[in-house]
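A closer look at the structure
Next come the chains, spelled out residue by residue.
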Amino acid sequence: MFKHNILVAYRNFRRFSNSFLINLVGLSTGLTCAIFIFLWVDDELKMDKFYEKDDRLYRVMEHQQYAGEIMTTNSTPGILAETLKEEFTEVEYAATTTWVDPVTLSIDDHNVRAEGFHVGPDFFNIFSFELLQGSADKVLMDKTGIVISEELALKLFNTTEDVLGRQLEYQHEKTFQVTGIFKGTPKHSSIQFDYALSFEEYKDDNDWVLEWGNNGPRTYIVLSEGSNGKEFSLKIADFVKKYHEESHVTLFLKPYSDAYLYGRYENGKEVGGRIEYVRLFGAIAIFILIIACINFMNLSTAQASRRAKEVGIKKSVGAHQGELIFQYLSESLLISFISLLVALLLVWLILPQFNIITEKQIQLDLTNLRLTLSLIGITTVAGLLAGSYPALYLARFRPAKVLKGEVRGSVGELWARRGLVIFQFTLSVILIVAVIVIFKQIQFVQDKNMGYDNDNVIFFASEGRVEKNLETFLNEMEQIPGVLRACGIAHNLTGRQNNTSGLDWEGKNPDDLILFEHVRVSPGFLETLSMEIKEGRSFSDDFKADSSKIILNETAIKIMGFEEDPVGRTVKLWGEYDYEIVGVVKDFHFESLHDEVKPLFFRLRPNQTWNIMARIEGGQEKQTLDRLKDFYEEYNAGFSFEYRFLDEDFQKLYAAEQRVSVLSQYFAGFAIIISCLGLFGLAAFTAERRLKEIGIRKALGSTSWGIIYLMSSDFTKMVLISIILALPISYYLIDIWLQRFAFRIELELWFFILSGVIALIIAWLTVGSQAVKAASINPARCLKDE
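This write-up is about the structure you can find in this document. What you are looking at is a predicted structure, and each value in this text was computed from that prediction instead of being measured.

Let's talk about the side chain of S233
Turning to its location among the elements, S233 is positioned in helix α7 (residues 229-235). For S233, a relative accessible area of 13% gives the class buried. With sequence-adjacent residues up to four places away left out, S233 is seen in contact with L251, F252 and L253.

Quick word on the pairing of strand β21 (residues 549-553)
Across a regular strand the side chains alternate sides, sitting on one face of the sheet and then on the other. Of all the five residues making up β21, five are buried; the element is thus mostly covered by neighbouring parts of the structure. Alternating positions in β21 separate into two faces, K549, I551 and N553 on one and I550 and L552 on the other, with burial throughout. In the sheet, β21 pairs with strand β23 (residues 577-585) via five bridges, with the strands oriented parallel. Counted as the bridge partner of K549 is E580 from β23. With three bridges connecting them, β21 and strand β24 (residues 600-604) associate as antiparallel partners. Residue pairing for β24: I550 is matched across the bridge by R603.

Looking at empty space enclosed by the protein
For the structure shown, the criterion picks out two cavities of 30 Å³ or more. Counted as a void, the second largest cavity has a volume near 30 Å³. Lining of the second largest cavity is provided by R113, F460, A461, E463, Y632, S640, F641 and E642.

Some thoughts on the nonpolar core
Formed by 106 residues in total, the largest nonpolar core has its most connected members in Y452, L493, F525, M531, F588, F602 and M613. Among the elements that line this core, the one with the most residues is helix α15 (residues 411-447), at 16 residues.

Re the packing of aromatic side chains
How two aromatic rings sit relative to each other is set out by the distance from centre to centre and by the angle between their planes. Enumeration over the complete set of coordinates arrives at 50 aromatic pairs. Among the aromatic side chains, those forming a connected cluster through ring pairs are F50, Y51, F117, F123, F124, F127, F129, F182, F193, Y220 and Y256. Between the NZ or CZ atom of R465 and the centre of the ring of Y635, over which it lies, the distance is 3.9 Å. Looking at R569, its charged tip hangs above the ring of F562, at a distance of 4.4 Å from the centre.

A short note on the pairing of strand β12 (residues 249-255)
Among the seven residues of β12, five are classified as buried, and the element is accordingly described as predominantly covered. In this sheet, β12 lies alongside strand β1 (residues 57-66) in antiparallel orientation, the contact comprising seven bridges. Of the residues in β12, the one forming a bridge with M61 is F252.

Definitions and limits used
- Residues numbered from 1 in each chain as written.
- Predicted model: local features only at pLDDT ≥ 70, side-chain atom pairs only at ≥ 80, totals over all residues.
- Heavy atoms only, no water.
- Helix = DSSP H or I, 4+ residues; strand = E, 2+ residues; numbered from the N terminus.
- Buried < 20%, exposed > 50% of the residue type's maximum accessible area, 1.4 Å probe, protein only.
- Contact = heavy atoms within 4.5 Å.
- Pairing = 2+ DSSP bridges.
- 1 Å grid on protein atoms, 1.4 Å probe; cavity = no way out; pocket = protein on both sides within 12 Å on 5 of 7 lines; lining within 4 Å.
- Points joined across faces, edges and corners; volume = space filled by probe spheres on them.
- Core = buried A, V, L, I, M, F, W, Y, C linked by side-chain atoms within 4.5 Å.
- Phe/Tyr/Trp six-rings, centres within 6.5 Å; stacked < 30°, edge-to-face > 60°.
- Lys NZ or Arg CZ within 6 Å of the ring centre and 35° of its normal.

Below is the structure:
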């Protein structure tokens, strides 16, 4: 029976080759999109899920209460981890980490750039990175110990044998002894690092981490077996207040493996994160598959008359309805699995480019049982969904009527097909609107005046001799042809990095806690970035007392109520230090456009900056950078010149949105192609069915344009209904997406009109080719059988 069904299916595929090819291309394109999205979603869902203690591993986070808002952060006091472990039996392991920084590690004259951080002694007990040499309990017990990756060991020592106990230099200043080697960080780890040092060593040079009122390091814990994360989260909520009575912090636990996908908070409430895009693309995959399945349904039911006699004969010789349904579902599944093979070939060919767009390392590994079963499941569902309605429709034909040629489509069936076409194009128009709006928003972000000029501005780390002789270095650097201005800054202007609520002024409500971004700079910073001074002046070497001066942004001045004559007023920092306001700088964006501009102040502290920023001459970038590299590596021997462009770093804040923009363009294109294939097939079949009608009309004097109008009008009406349905839905959905941005475009009418026009033109071009073909036919040829 099964063999017979396969043989019949093969004959029908050959007999109705055009329909077969349309269905094959549509389903294979839909499956290709679905597979790509499945691979990406699966990769996202795997992030940080591989740790052995995943079900007990938590990140300790803070809700910080300020005037009118709650800020959520993963920054915590540096001594929180060890104190939690000491005071609570529920905590099995606890570790503090700093942030990953690039540094230079050396063996004699051999220098290697690596990224790493300082971590607590329990780090390798909490995070199950495989240690090839050394014990998780001991590798970080010594302040002078360093744990390095296998790859870094090969770079430094050209071997991983007999490396334990060997010494290496850190930033050409300190010497550490290798106490462990780990295999490396898996690609599904959100923490990527090459080395780890003891947090105890960090404390020696950074005593600020010992104070409960200071935040910065991250805290991770593993709860003991049987402990409840939610209950413990409530238990430690006010823990910081025990040691710092003035604290406005509430602690809570976040399952570590959830943080990657659920990392966005608004006013203390979790509101999503990357999971929003996982859901979005999951929905797009389903929509595209539905569009492809609708093509199959429409073409199969529209062409039912071609197979009516087959059904009638089979029923007349005893075939049951169930057997016929099984046959047609078998055909549908066969097409689906042939489409799957084509889709897998396309995925294999396109996957390298897809990885570039998504910045991932996804592989199509069919030996992965989970992946293979998922693909079989998706294909089976698609095949059953596509074939179910045609199978039921064909199997219910009555033999007597069919064999007499009395098969006529009902009005209900006609409207069902039209409804499916309308649904297809409604989804396509929604995707077109999304592509246009996302593109315009990204363009708006890229073109918006940030309040400073970040073109041709580079920045690099202040380290080694540069850090110790900053003023001399900057002066010599500015003498290099092509370098227009340079300065030092303890910030990189791409997010909050150092803030305080310790600024007070006359008239401030003592109960109000207001968070200010705190930026330490050297003279010339505002000039280097071309920031506009609204009132007063910038910092200058000409004013020796500028170390006791302060510059604020417009938002800070408004919050303080100093709109009138702010220059000359005095503020107090941390209850001890008086600072005179010498300037007000116009608001600029130091975070992404997702956020409002926050209050900010600058202090002149050249010796506390960690970045160098320099503006270089446009059109001479390569020559200037080559000269800078030679100068830097001669001045700062042992350190490599590694720089980044400020505008490129700022654009990385929108990496997720830019990927969504690119991917949505591709997927919208595929959805439109699939919809048009279905429309093309229906138009071709309609033209074939109405061939004699067209011949009669032409014989009676109808013009070619009249025939084209006749053929196109019904499809035009369906697309117009799709547009009317899609526009309000797309407005609602895209407006929700735009709410993520504090600074966003206005939804203009032309976005929606253009989307509708694009859909209409595509439909006209698709149907028009068949309409023109039908209009140009010779009437005599159509009527010769009459």
